[in-house]
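Structural overview
The primary structure of each chain is shown beneath.
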Amino acid sequence: MIRTGTTPSGIAVIGATGSVGGAVLDVCRSFPDRFHVSALSGLSNVSRMTALVKEFSPELVSMCDPEAAASLKRLVPPGTKVLSGIDSLTDVALFPGTDQVVFASSGTAAIPALMSALEAGRSVSLANKESLVIAGPWVMPLVRSKDQMRPLDSEHNAVWQCLSGETDRSIQSILLTASGGPFRAMGTRELERVTPRMALKHPVWAMGAKITVDSATLMNKGLEILEAMQLFRLPAGKVRAIVHPQSLVHGMVLFSDCTMKWLLSSPDMRIPAAVALAYPERLQIEDAALEFPPLETLSLSFEEPDLKRFPCLSIAMEAARTGGATPALLVGADDIAVKAFLEGQLSFTAIPGLIEQVLTSYPGPSPTSAEEAIAIMEWSKRKALEILCPGKPSRRSIS
Ligand code: NDP
Ligand code: MG
């Protein structure tokens, strides 16, 4: 431990029951003298949340799903405040005694809570990429200093660290690395036979199902390009992706004087989580699993992404150039396409086609507020469902 005898920072975690939320809580667990978990939020996983409440004793817990909240209430100590509904995310984000709010939920439900946390001057660690892809133009102006918004996504966390002490105008370009996913070396024919089970086996990272499939199609890297443009306020041409199968380099910045900074670490989300939570200090991590491998064992390789075999990346890059309603449409269509693939309704290679169909059928204007951008994303989900099941009104939940 690098600091003892001080008051622990209050940490609220939205998306506490998920994969990246778990990495954040692991850091809190390892450094109880540094971090106190003040509030937790999830959607519906009652058993996991019950275990977290037992371990961390937060004062406030929210389950977005009201039935889940009612069940949780019966299982936690009587002093624990349990809230439900989408507005409860804002209660968590603004809960007194919280110094930093971690946004680690999937989807877009936490966008209003993120904006409230920033408006209230709270430090924010952001893993959720959908919020910036959809609502970046309205979220980023609320950020008062570079340190208030700490990126948790590993590539963005790496770039953020590379940019420490640098001025924005000296950035020539940013490179985000991609492992290439499980099908990096697969031919087009084989890609047609990819099953959900195969796509859910990521070669490097253990993550939630949606982002794992997005990593296999390279849509995840496309969304990350859009996320980086918002976070670092850069135009489309200045952010690109490079495939790096070892996933040891996470982000690179090329500066105007031809200098390049790379950020390397073992591929484990607990590392960027520790960086963001402890900033500007660094934690003393003593965990063999997180140690950087011996340099003499390393062989780092890089290759251009194959946009023909992985057209989702190309679609996202085009969305980055087009802007307007396209990023919100992309998020909505991809969400439905991935769900349909996981449910066996859509083949792996049909994912980009569905997304493109939705993008080209949008008749409306560009959004002028976060609310409008979210509405466009919802329209995109409904359109994707209509294309999947023509003639049927969409009965399925699009939350
Ligand atoms: P998971 O599917 O593992 O977890 C999602 C979490 O969000 C769960 O805790 C879920 O609750 C919660 N959640 C979903 N909807 C709501 C809601 N309406 N209100 C409150 N909580 C909600 O996803 P990941 O952890 O993999 O990813 C989360 C986000 O972080 C995504 O945006 C992803 O792109 C990003 N990210 C993830 C990384 C990773 O390593 N996993 C790396 C970088 C970024 P419940 O369990 O109850 O359903
Ligand atoms: Mg990432």
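I will try to describe carefully the structure that is included in this document. All values reported here derive from a predicted model rather than from experimental measurement.

A short note on the packing of aromatic side chains
- Under the definition given, this model contains 5 aromatic pairs.
- Residues F341 and F348 carry aromatic rings whose centres are separated by 5.7 Å and whose planes lie at 65° to one another, so their mutual orientation is edge-to-face.
- You can call F341 buried: its relative accessible area is 1%.
- Judged by its relative accessible area of 4%, F348 falls in the buried class.

Observations concerning the coordination of the magnesium ion (ligand 2)
- The coordination sphere of the magnesium ion (ligand 2), as far as protein atoms go, consists of D153 (OD), E155 (OE) and E224 (OE), spread over 2.1 to 2.2 Å.
- Along the chain, the residues donating to the magnesium ion (ligand 2) are arranged with the sequence spacing D-x1-E-x68-E.
- Overall, the relative accessible area of 7% leaves D153 in the buried class.
- What makes E155 buried here is its relative accessible area of 6%.

Description of the pattern of salt bridges
- With the rule as written, the count across this model stands at 21 salt bridges.
- Two residues, R270 and D26, come together in a salt bridge whose shortest N-O distance is 3.2 Å. Placement of R270 in helix α12 (residues 270–278) and of D26 in helix α1 (residues 19–30) is noted, with a sequence separation of 244 residues between them.
- Look at D26 and you get partly exposed, because its relative accessible area is 21%.
- We note a salt bridge from R270 to D268, for which the minimum N-O separation is 2.9 Å. You'll find R270 and D268 in the same group, each marked buried.

Brief notes about the pairing of strand β9 (residues 239–243)
- Counting buried residues in β9 gives 4 out of 5 residues, a clear majority hidden from the surface.
- Taken together, the 5 bridges between strand β8 (residues 171–178) and β9 define a ladder with parallel strand orientation. From the neighbouring strand, A178 faces β9, where its bridge partner is V243.

What to know about the site of ligand 1
- Taken together, 26 residues surround ligand 1, and among them T17, S44, N45, E130 and G208 come closest.
- Contact between ligand 1 and T17: an oxygen atom at 2.6 Å from a side-chain N or O atom of the residue.
- A distance of 3.2 Å is found between an oxygen atom of ligand 1 and a backbone nitrogen or oxygen belonging to S106.
- Protein contact buries 87% of the 900 Å² of open area that ligand 1 shows by itself.
- Of the residues assigned to the shell around ligand 1, the class counts are 11 nonpolar, 12 polar and 3 charged.

What to know about the packing of helix α14 (residues 326–342) against helix α15 (residues 351–361)
- Where α14 contacts α15, the axes come no closer than 9 Å and their chain directions differ by 145°. α15 is crossed by α14, and the crossing has right-handed handedness. Note on element contacts: α15 touches α14 through I351, L354, I355, V358 and L359, opposite T326, L329, L330, A333, D334, A337 and F341.
- The residue inventory of the contact of α14 with α15, partitioned by class, reads 10 nonpolar, 1 polar and 1 charged.

About the thresholds
- Residues numbered from 1 in each chain as written.
- Chains lettered and ligands numbered in written order.
- Predicted model: local features only at pLDDT ≥ 70, side-chain atom pairs only at ≥ 80, totals over all residues.
- Heavy atoms only, no water.
- Phe/Tyr/Trp six-rings, centres within 6.5 Å; stacked < 30°, edge-to-face > 60°.
- Buried < 20%, exposed > 50% of the residue type's maximum accessible area, 1.4 Å probe, protein only.
- Donors = N, O, S within 2.8 Å, 3.2 Å for Na, K, Ca; no water.
- Salt bridge = Lys/Arg side-chain N within 4 Å of Asp/Glu carboxyl O.
- Helix = DSSP H or I, 4+ residues; strand = E, 2+ residues; numbered from the N terminus.
- Pairing = 2+ DSSP bridges.
- Near = heavy atom within 4 Å.
- Polar contact = N/O pair within 3.5 Å; in protein donor to acceptor, adjacent residues only side chain to side chain.
- Areas by Shrake-Rupley, 256 points an atom, 1.4 Å probe, with all protein chains shown as cover.
- Nonpolar A, V, L, I, M, F, W, Y, C, P; charged D, E, K, R; others polar.
- Axes fitted to C-alpha atoms, helices over the stretch in contact; angles between N-to-C directions.
- Left-handed = near helix turned anticlockwise from the far one by under 90°.
- Contact = heavy atoms within 4.5 Å.

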